[in-house]
Amino acid sequence: MSTILIIEDEPELVKVLRSYLEQAGFNVLAAGRGDTGLSTWEQKHPDLVILDLNLPGMDGLDVARAMRRKSNTPIIMLTARVDETDQLIGLELGADDYIPKPFSPRVVVARVRALLRRAEPTAAAQVLRSADLEIDLDAHTATRAGQAVELTPTEFSLLTVMASQPGRAFSRLQLLEATQGTAYEGYERTIDAHIKNLRAKLEPDSAGGRKNPRYIETVFGVGYRFVKGE
Ligand code: CA
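In this report, the structure presented in the accompanying data block is examined. Computed from a predicted model, the values in this text were never measured in an experiment.

We now examine the overall build of the protein chain. Each helix and strand in the protein chain was counted, giving 8 helices and 12 strands. Split into buried and exposed, the 230 residues of the protein chain put 48% on the buried side. Summed over all atoms, the accessible surface of the protein chain reaches about 11,000 Å², with 49% contributed by carbon and sulfur.

This is the structure:
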């Protein structure tokens, strides 16, 4: 049974989310402050975190930053802020997904399921290779020149989708569909944030490979593609 940690300061919201998630078969932990949420996370090692942005004790973005320094636990951010910048900052910090408030608890449960599925190792053992990059679909790991590259579930799944068909240009919408199972047209720009993170981790070019990408090329006016191997 997967354990979900909800870090949210609105008790009513916690109550509703808890009830939906428990009905869906999840074990639920909750914290009402950013700092206590972070310590619960450290002690209990939940499988996924639902994190509010606006929190007492410690801001949601700081909580996400602290978590990402130590692990790749999937994070879904909840945001009441209309400002899209906050959402993009959240994704750049390594959150896997975000859900704007108000939301339907059913949508949250569906996104939790999708994200956990992505974090699971696939059934068939398979390894994708390109130049010095190796992606082990079974172990859910990536290495570059023999060095482990730490990727979040979303980054891993984006990379896998593109690297499975090198040379093919994917639109942002296609990448969104492939990684989330459902397309949210308004969220296409979130793909850019994930690609930026992925490049910073993968590309040997210190500028994140934007000018001289070895693996992930920008296809102007379309989206992205994985470079065909040597
Ligand atoms: Ca809040």
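So, about the coordination of the calcium ion. Only Asp9 (OD), Asp52 (OD) and Asn54 (O) from the protein reach the calcium ion as donors, at distances of 2.1 to 2.4 Å. Written as a sequence motif, the donor residues of the calcium ion are D-x42-D-x1-N. Here Asp9 is found in the loop between β1 (3-7) and α1 (11-23), whereas its partner Asn54 is found in the loop between β3 (48-52) and α3 (60-70), with 45 residues between them in sequence. Owing to a relative accessible area of 45%, Asn54 belongs among the partly exposed residues under this scheme.

Read across the open sheet, the 4 strands follow the order β6-β7-β8-β9; overall the sheet is antiparallel. Of all strands in the sheet, those with a lone pairing partner are β6 (127-130) and β9 (147-149), marking the two edges. Between one strand and the next, the sheet's axes are offset by a mean angle of 25°, whatever the strand orientation. Relative to strand β7 (residues 133-136), β6 runs antiparallel, the two being bridged by 4 bridges. In the sheet register, Ser130 faces β7, and the bridge partner there is Leu133. Of the strands in this sheet, β6, β7 and β8 (141-144) touch helix α6 (residues 153-164), which is tilted by about 110° from β7.

Attention now moves to the environment of Leu133. Residue position: Leu133 is located in strand β7. The class of Leu133 is buried, set by a relative accessible area of 2%. When near neighbours in sequence (up to four residues on either side) are disregarded, Leu133 contacts Leu128, Thr143, Arg144, Leu159, Leu202, Tyr215 and Phe226.

This paragraph deals with unusual backbone geometry. A cis amide bond, omega -5°, links Lys101 with the succeeding residue Pro102. Here Pro102 lies in the loop between β5 (97-100) and α5 (105-119). Positive phi values are uncommon outside glycine, yet His140 reaches one of about 60°. Tracing the chain through its elements places His140 in the loop between β7 and β8.

As for its placement among the helices and strands, Thr160 is situated in helix α6. The class for Thr160 is buried, based on a relative accessible area of 14%. Setting aside anything within four residues of it in sequence, one finds Thr160 in contact with Leu128, Ile135 and Leu137.

Right, let's get into the packing of α6 against helix α7 (residues 172-180). With their axes 9 Å apart at the nearest point, α6 and α7 run at an angle of 115° to one another. Two packed elements cross with a definite hand, and for α6 against α7 that hand is right-handed. Counting all contacts with α6, which are made through Ser157, Leu158, Val161 and Met162, the residues of α7 involved are Leu175, Ala178 and Thr179. Classifying every residue of the contact of α6 with α7 by side-chain character gives 5 nonpolar, 2 polar and no charged.

On to the nonpolar core, then. For soluble globular proteins, the rule of thumb is that nonpolar side chains tend to be buried together. Counting residues in hydrophobic clusters, the biggest one holds 45 residues, and the most contacted among them are Leu51, Met77, Met162 and Ile216. For this core, the element with the most residues is α6, which contributes 6 residues. When residues of this core are sorted by domain, at least three fall in each of domain 1 (3-119) and domain 2 (127-226). Every residue in contact with Leu51, bar those within four places of it in the chain, is listed here: Ile7, Gly60, Val63, Ala64, Ile75, Ile76, Met77 and Leu78. Of all hydrophobic cores here, the second largest spans 19 residues; its members include Ile4, Leu48, Ile99 and Leu116.

Scoring rules and cut-offs
- Residues numbered from 1 in each chain as written.
- Predicted model: local features only at pLDDT ≥ 70, side-chain atom pairs only at ≥ 80, totals over all residues.
- Heavy atoms only, no water.
- Helix = DSSP H or I, 4+ residues; strand = E, 2+ residues; numbered from the N terminus.
- Buried < 20%, exposed > 50% of the residue type's maximum accessible area, 1.4 Å probe, protein only.
- Areas by Shrake-Rupley, 256 points an atom, 1.4 Å probe, with all protein chains shown as cover.
- Donors = N, O, S within 2.8 Å, 3.2 Å for Na, K, Ca; no water.
- Pairing = 2+ DSSP bridges.
- Axes fitted to C-alpha atoms, helices over the stretch in contact; angles between N-to-C directions.
- Contact = heavy atoms within 4.5 Å.
- Left-handed = near helix turned anticlockwise from the far one by under 90°.
- Nonpolar A, V, L, I, M, F, W, Y, C, P; charged D, E, K, R; others polar.
- Core = buried A, V, L, I, M, F, W, Y, C linked by side-chain atoms within 4.5 Å.
- Domains from an automatic or database assignment.

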